[in-house]
Amino acid sequence: MDRQAYRVIVIGGGHAGVEAAWAAANLLPAERSASGALRPTVALVTLDPAKIGVMSCNPAIGGLAKGQLVREVDAMGGLMGLAADATGIHFKVLNTSKGPAVHGPRCQNDKHAYAEAVQALIASRPEIEVIAAAVEGLIFQGTKLAGVRINTPLGRAELAAPAIVLTTGTFMRGLMHTGEKKSAGGRHGEAPSVGISDELRRLGFELGRLKTGTPPRLRKSTIDWDNLPVQPGDDQPLPFSDLTERGPWSAGELVCDRFPLLEQLDCRQTRTTADAHEHIRQNLHRAPMFSGQIESVGPRYCPSIEDKVNRFADRESHGVFLEPESWRSDWVYCNGIATSLPEDVQLALVRAMPGCDKAEVLQYGYAVEYDMVRPHQIHATGMTKSVEGLFLAGQINGTSGYEEAAAQGLVAGLNAARFALGEEPRTLGRHEAYIGVLMDDLVTKTPVEPYRMFTSRAEHRLLLRADNSADRLTPLAEELGLLSSTELGRMRLAVFQQRRQETAELARAIAEAKLDGEPLTKSLVRSEFGYGDLRRALPGVRAARSSWMGVFASMKYAPYIERQEAEIRRQSKMERKRIPSALDFANITPMRKEARQALGRFRPETFGQAGRLEGVTPADLTLLAVVVERFKRGELPPGVPVGAA
Amino acid sequence: MALDDTIAAIASPPGRSPRAILRVSGPHTRSLLGSILSLPDRADEPPQTRCAFAARLKLPSQSGAALSLPVLVLRFVAPKSYTGEDGAEILLPGNPLLAQRVLDLIVSHDGVRRAGPGEFSARAYLNNRLTLDEAEGVSLLIAAATDEERAAAAKWMKGEAGDTCRRWGDELTELLALVEAGIDFTDQEDVVAIEPAELASRAGALASEIQAALGPASAATQTTEPKVALVGAPSAGKSTLFNALLGRRRAVTHEDPGTTRDVLAEPLPLDESDPDAPRILLLDLPGLDADPDSPSARAAQASARAALDDADLLLWCDPTARFQTPPAAGRPTIRVRTKADMPVAPSIGAPSPSAPPPDLELSAFDPAGIASLKALIAGRCERAPGSGDLAVSRHHRRTLAAAAGLLSGLASEGPGADPSVAAERLRTALDHLGELLGRIPPDEVIGRVFARFCVGK
């Protein structure tokens, strides 16, 4: 069979898949064939191209800790921030009453516009070819990964590439539940993917199963909308991307020439009632989460309404945010009542909410169970430890959330392209980005629930802020070649230069300024001195909001940042010191069994990772250092017990 | 566990030995020696070649006055050392508590840390200073040492002190969870951030509890050895008594007043025949002079005053037995009439009847008198078993004190404080406690939020 050849194949068109394809495309310019035509280097294989970039659950991007992830992906030339900016209908920075380190930019999007924007961005890249097909299996040449077998509407075919990024989302053996009803599928109305799960099992991967859920959607015109309390967005919306802030930008058919591009709208608030809670309690035996129909674990931070009613029995009401999903339809998302209760119970629950007594349910909530690969089997690049060239990103690694998926997609796409080019892998450190925290957590911890980012997971939180994501990551992205190959990337570099100039000038202005006879730098570190005070202290100075905030926060946290940076320097050698992958930890017999087992399971790549494993002590690391050194000197052939000499 | 910073440890076997040995290895050896040693010949810097030299080690005390210890330093230069790195061994008088204090001083130096088990040998091996067979031995040794440590830690955790620390850890985790809830879950209807006032008061209460449990010995530089200072006017015979108590000629003595210009410190077992007898740190101070006549005399007075303030017990020496102006009011003091073998000069006259009688009259040349003085000191130094005693190592004492310091800092914050900074402090304090309890990971903190609040829109 003739194989169409690519450098990277991405399987799945969700938020991980598109980011992976986008990042790989940035490193792999389209090749000119003998006939002079441009040949794509990246294949994006998905069951239904019309579903690329679809928001399966909440039509929102960002939030606490997630907003930082989006800003980071954007700073590295990713697409999520651009698509979100171009389609946001309700922008709000969360946590503004807290310090700038924990501000979380968030927006709600027109979900149809969002998916279209993502599709337009993908279509704008000659490097990417979208292929509508189901993946049936992987192709190996000897032991080497060589491509995928696909089934298309036109028949079976094979695609060849040295690197493959697998982003299956909730589709691997996806099983949806609404009450007693079960149906196979990864998303409402869409079929599951079955073959790939068996293929991974055959390859020896340890799979797990997780669960997530989504709430019912209502028809807006059947809600007493105007009489419910308003939830407005920010008066002055802040975009995710500095590119949008300084705009305009465009990519193919997507043009973002002002901000916000779409008309903004308000959300409304309602609540569940005690009667409805009682009704849920009486029907718990019909709830898949309680009847035993669902055994896999769901996220604690996103419990279903039946779970909330059961665990917090004394609560008579839970808040529900009614979020319009699009200007083009009157679908409303009910944020707060994710559920897999039977339809009749859902209807009763909805109709009991103030303002919703006549509400029409357009789509009932459901839970979905899906297969995932336990992430100790991947490197921090997303590449699997046992199959070279095979990368995993997104929910397949046990995470949840569009932003977490996008972050992994970026890392996997970047490294898949580097692998295809024969270049060394590049990971991000915990001190460099939330993306680094995410990848490191995945490879050093055993997830007990779908993983979601929280700012408290980052030990260098004061350093990893939304306001300095460009300073942290854009130079790195440039160095890695993610920016210079495209028009958008080059614009981003120009915008970053502007930012640099502005922040330098701002820092100088602050250093020279006085407030009430006191140097401004001194006033600034006082806890009561806020961002508004800084703007008022320097009325004549002009700069972008993101520049102001970046300078304000870095000065505010300066003493803490210095301490964190010293700690980072202290740790850096551990993080860089590598452990050979061929080392057999089981044979380090003088080491405690618990440590040997942890090392054997996770197979850490660096001493830094090894030190973060549960069950590994500093003394174990000392011993490991001796063993690694002996191994490198060839004094320790693999398979010979260390203590047996 | 880095392999190229500087490590330090006590290298002599635990327990009493005539000399304690502190071993240092790594690139900061040079700057470390430069900062902690003073050299007899006023050289600028300790020698940087392989050699042995005598020096004095400046050991700061709580009050800031430095004690000056005589030490012998063996200097090693890379690659000719046990580890193959720059290094030194510092030989001290063989008092384990003193050795601990010096180690504390050394690891407070920038870039220097306490060595983990087997680390010197690990480095020696990595620098080709050990053979393969020796390295095998080291591996086994590390494993054994680790097991021993773990057993000791497990035993400690089961005890009362373990319970206390766990309770603190629990409260600290709770506080952090409440602060984190107000950061990471503010988009949740049900989550209410902890009030700054409540945070301040609970952090303050926890800080006080930890400090109280650590007792007055919680300060990092303080030792459990009581400090006993010889004080009195110039020419009161303090240095002579100092030498007599030590049983050797340690201080220069002369009949000229003001001979002693420096504070000398020597560890002294109060009963040589009993290895469990209490030990003290005996300090010889320059004579107290209300009107010093030169800058050097003024400096000597300042250091004497500082050492006096730092002392736990004063031996007030007065050959006239008049004991007129107490050197420090309200401090535990033993009044010693010195030079009891000599008559009081007639010009001074007899002590007034209202003068307090001496606790002891003695001649430095009378062994029986010296033995009585030692017994008297031992009696006064016996510490009441206070509630403040938490059985933890010095290192853990220090980490607990650091945690308490962070908490009390938090307690004094204003209401406008940034919760992410408060969380940073609580996290650091929790990591300190984690050295005793085992690290408490962010997941556990987040878990508390889920347990307490209805999270999830």
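Residues numbered from 1 in each chain as written. Chains lettered and ligands numbered in written order. Predicted model: local features only at pLDDT ≥ 70, side-chain atom pairs only at ≥ 80, totals over all residues. Heavy atoms only, no water.

Colleague: Help me understand the overall build of chain A in this model?
Modeller: In terms of regular secondary structure, chain A is built from 21 helices and 28 strands. The globule rule puts the C-alpha radius of gyration for 645 residues at 26 Å, and the 25 Å found for chain A is close to it. Principal axes of the C-alpha set define a box for chain A whose edges measure 80 × 70 × 65 Å. Here the contacts in chain A between residues at least 6 apart in sequence split such that 74% fall between residues at least 24 apart. In the structure as shown, chain A presents an accessible area of about 24,300 Å², 50% of it carried by carbon and sulfur atoms. (Helix = DSSP H or I, 4+ residues; strand = E, 2+ residues; numbered from the N terminus. Rg over C-alpha atoms; globule rule 2.2 N^0.38 Å. Contact = heavy atoms within 4.5 Å. Areas by Shrake-Rupley, 256 points an atom, 1.4 Å probe, with all protein chains shown as cover.)

Colleague: What is the right way to read helix α8 (residues 295–310) of chain B from this model?
Modeller: One turn of the α-helix equals 3.6 residues, which is why residues spaced by three or four share an orientation. Residues and elements named next belong to chain B. Its 16 residues give α8 an end-to-end C-alpha distance of 23 Å, which sits within 8% of 22 Å, the value for a rise of 1.5 Å per residue. For α8, every residue scored as buried is listed here: Ala297, Ala300, Gln301, Ala304, Ala306, Ala307, Leu308 and Asp310. The elements touched by buried residues of α8 are β8 (227–232), β10 (279–284) and β11 (313–317). (Expected span 1.5 Å × (residues − 1). Buried < 20%, exposed > 50% of the residue type's maximum accessible area, 1.4 Å probe, protein only.)

Colleague: Teacher, can you tell me more about the side chain of A:Glu518 here?
Modeller: Residue and element names in this part refer to chain A. Its place among the elements puts Glu518 in strand β28 (residues 518–519). In terms of polar contacts, Glu518 uses its side chain to reach the side chain of Ser523, at 2.7 Å. If near-sequence neighbours (up to four positions away) are discounted, Glu518 is found in contact with Ala513, Ser523 and Arg526. (Polar contact = N/O pair within 3.5 Å; in protein donor to acceptor, adjacent residues only side chain to side chain.)

Colleague: Explanation requested: the sheet that holds strand β10 (residues 134–141) of chain A in the structure shown.
Modeller: Two modes of strand pairing occur in sheets, parallel and antiparallel, and in both the strands are linked by backbone hydrogen bonds. All names here are of chain A. Read from one edge to the other, the open sheet built from four strands follows the order β1-β12-β11-β10, with strand pairing classed as mixed. Edge positions in the open sheet fall to β1 (3–5) and β10, since each of these has one partner strand only. For this sheet the average axis-to-axis angle between neighbouring strands, irrespective of direction, equals 30 degrees. Relative to strand β12 (residues 155–160), strand β11 (residues 144–152) is paired through six bridges, and the arrangement is antiparallel. Pairing of Thr152 across the sheet is with Gly155, part of β12. (Pairing = 2+ DSSP bridges. Axes fitted to C-alpha atoms, helices over the stretch in contact; angles between N-to-C directions.)

Colleague: Hey, could you run me through the nonpolar core in this one?
Modeller: Side chains that are nonpolar tend, in soluble globular proteins, to be buried together. In this structure, A:Ile9, A:Ile61, A:Met76 and A:Ile435 are the most contacted members of the largest nonpolar core, which totals 111 residues. The element contributing the most residues to this core is helix α11 (residues 402–420) of chain A, with 11 residues. Contact partners of A:Ile9, with chain neighbours within four places excluded, come to A:Ala43, A:Val45, A:Gly147, A:Val148, A:Leu159, A:Ala160, A:Ala161, A:Ala163, A:Ile164 and A:Val165. By size, the runner-up hydrophobic cluster in this structure holds 54 residues, among which are B:Cys165, B:Leu178, B:Val191 and B:Ala403. (Core = buried A, V, L, I, M, F, W, Y, C linked by side-chain atoms within 4.5 Å.)

Colleague: Could you clarify how one ought to interpret the interface of chain B and chain A in this entry?
Modeller: A common measure of how large an interface is: the accessible area buried when the components associate. Between chain B and chain A, the residue contacts involve 52 residues of the former and 57 residues of the latter. In total, about 4,700 Å² of surface goes out of reach between chain B and chain A, with carbon and sulfur atoms giving 57% of it. Taken together, chain B and chain A are joined by two salt bridges. Two residues, B:Glu180 and A:Arg461, come together in a salt bridge whose shortest N-O distance is 2.7 Å. At the boundary of chain B and chain A, one finds 11 residue pairs in polar contact (both at pLDDT 80 or more). Elements represented by at least two residues in the side of chain B that touches chain A include exactly α3 (119–126), α4 (132–158), α5 (160–184), α11 (419–437) and α12 (442–452) of chain B. Element by element, the count of residues in the side of chain B that touches chain A is highest for α4(B), at nine residues. Taken together, the residues of the side of chain B that touches chain A break down into 24 nonpolar, 11 polar and 17 charged. (Buried area = accessible area lost by both parts, 1.4 Å probe. Salt bridge = Lys/Arg side-chain N within 4 Å of Asp/Glu carboxyl O. Nonpolar A, V, L, I, M, F, W, Y, C, P; charged D, E, K, R; others polar.)

Colleague: Hey, could you run me through the pairing of strand β9 (residues 264–269) of chain B in this one?
Modeller: On any regular strand, side chains alternate: one points to one face of the sheet, the next to the other face. All names here are of chain B. Of all six residues making up β9, six are buried, and the element is well covered by its neighbours. Side-chain alternation along β9 places Leu264, Glu266 and Leu268 on one buried face and Ala265, Pro267 and Pro269 on a second face that is also buried. Taken together, the six bridges between β9 and β10 define a ladder with antiparallel strand orientation. Directly across from Pro267, in β10, lies its bridge partner Leu281.

Colleague: I tried to follow the packing of helix α7 (residues 274–282) of chain A against helix α10 (residues 343–351) of chain A on my own but got confused; where do I start?
Modeller: Relative placement of two packed helices is described by the angle separating their axes and the distance separating the axes. All names here are of chain A. Interaxial distance between α7 and α10 falls to 9 Å at its minimum, and their mutual angle equals 170 degrees. In this view, α7 runs roughly antiparallel relative to α10, as classed from their interaxial angle. Here Ala276, His279 and Ile280 of α7 lie close against α10, whose contacting residues are Val345, Ala348 and Leu349. Residue classes in the contact of α7 with α10 are distributed as five nonpolar, one polar and no charged. (Parallel < 35°, antiparallel > 145°, perpendicular 65-115°, else oblique.)

Colleague: Mind showing me how you'd approach the sheet that holds strand β18 (residues 230–231) of chain A here?
Modeller: Residue and element names in this part refer to chain A. With antiparallel pairing, six strands are arranged side by side in an open sheet as β18-β21-β22-β23-β17-β24. Both edges of this open sheet fall to β18 and β24 (361–363), since each of them pairs with a single strand only. Relative to strand β23 (residues 331–335), strand β17 (residues 217–219) runs antiparallel, the two sharing three bridges. Counted as the bridge partner of Arg219 is Trp331 from β23.

Colleague: I keep staring at the pairing of β8(B) and nothing clicks. Help me out?
Modeller: All names here are of chain B. The element β8 is largely enclosed, with a buried count of six among its six residues. Here β8 shows a buried face lined by Lys227, Ala229 and Val231 and a second buried face lined by Val228, Leu230 and Gly232. As paired elements, β8 and β10 share four bridges and run parallel to each other. Residue pairing for β10: Lys227 is matched across the bridge by Leu281. Bridge count for β8 against β11 is five bridges, and the pairing is parallel. Across the sheet, the residue bridging to Val228 is Leu313, located in β11.

Colleague: Can you walk me through the pattern of salt bridges in this structure?
Modeller: Pairing is possible between side chains of opposite charge, provided their charged atoms come close. Residue and element names in this part refer to chain A. Evaluated as defined, the whole model comprises 66 salt bridges over all chains. Salt-bridge contacts for Glu403 lead to Lys66; the nearest nitrogen and oxygen are separated by 3.1 Å. In this pair, Glu403 is assigned in helix α11 and Lys66 in helix α2 (residues 66–75), connecting sequence segments 337 residues apart. Arg156 serves as the salt-bridge partner of Glu136, at 2.6 Å between the closest nitrogen and oxygen. In this pair, Glu136 sits in strand β10 while Arg156 sits in strand β12, placing the two residues 20 residues apart along the sequence. Residue classification places Glu136 among the partly exposed positions, given a relative accessible area of 24%. Using a relative accessible area of 57% as the deciding quantity, one classes Arg156 as exposed. One continuous salt-bridge network, built from bridges that share partners, spans Arg430, Asp440, Asp441, Lys445, Glu459, Glu575 and Arg612.

Colleague: What should I look at first to understand the packing of aromatic side chains in this one?
Modeller: A ring pair, where both rings are aromatic, is described by two values, the distance of the centres and the angle of the planes. Within the structure shown, the criterion is met by six aromatic pairs over all chains. Taking the centre distance of 5.8 Å and the plane angle of 70 degrees together, the rings of A:Tyr531 and A:Phe552 count as edge-to-face. Residue A:Tyr531 is found in helix α16 (residues 531–537), and its partner A:Phe552 is found in helix α17 (residues 545–556); the two are separated by 21 residues along the sequence. A residue is classified by how much of its surface remains accessible, and A:Tyr531, at 21% relative accessible area, is partly exposed. Feature note: the residues A:Tyr301, A:Phe454 and B:Phe185 constitute an aromatic cluster, connected by ring pairs. The ring of A:Trp225 carries A:Lys220 above its face, with NZ or CZ at 4.8 Å from the centroid. B:Arg23 extends its terminal NZ or CZ atom over the ring of B:Tyr82, reaching a point 5.4 Å from the ring centre. (Phe/Tyr/Trp six-rings, centres within 6.5 Å; stacked < 30°, edge-to-face > 60°. Lys NZ or Arg CZ within 6 Å of the ring centre and 35° of its normal.)

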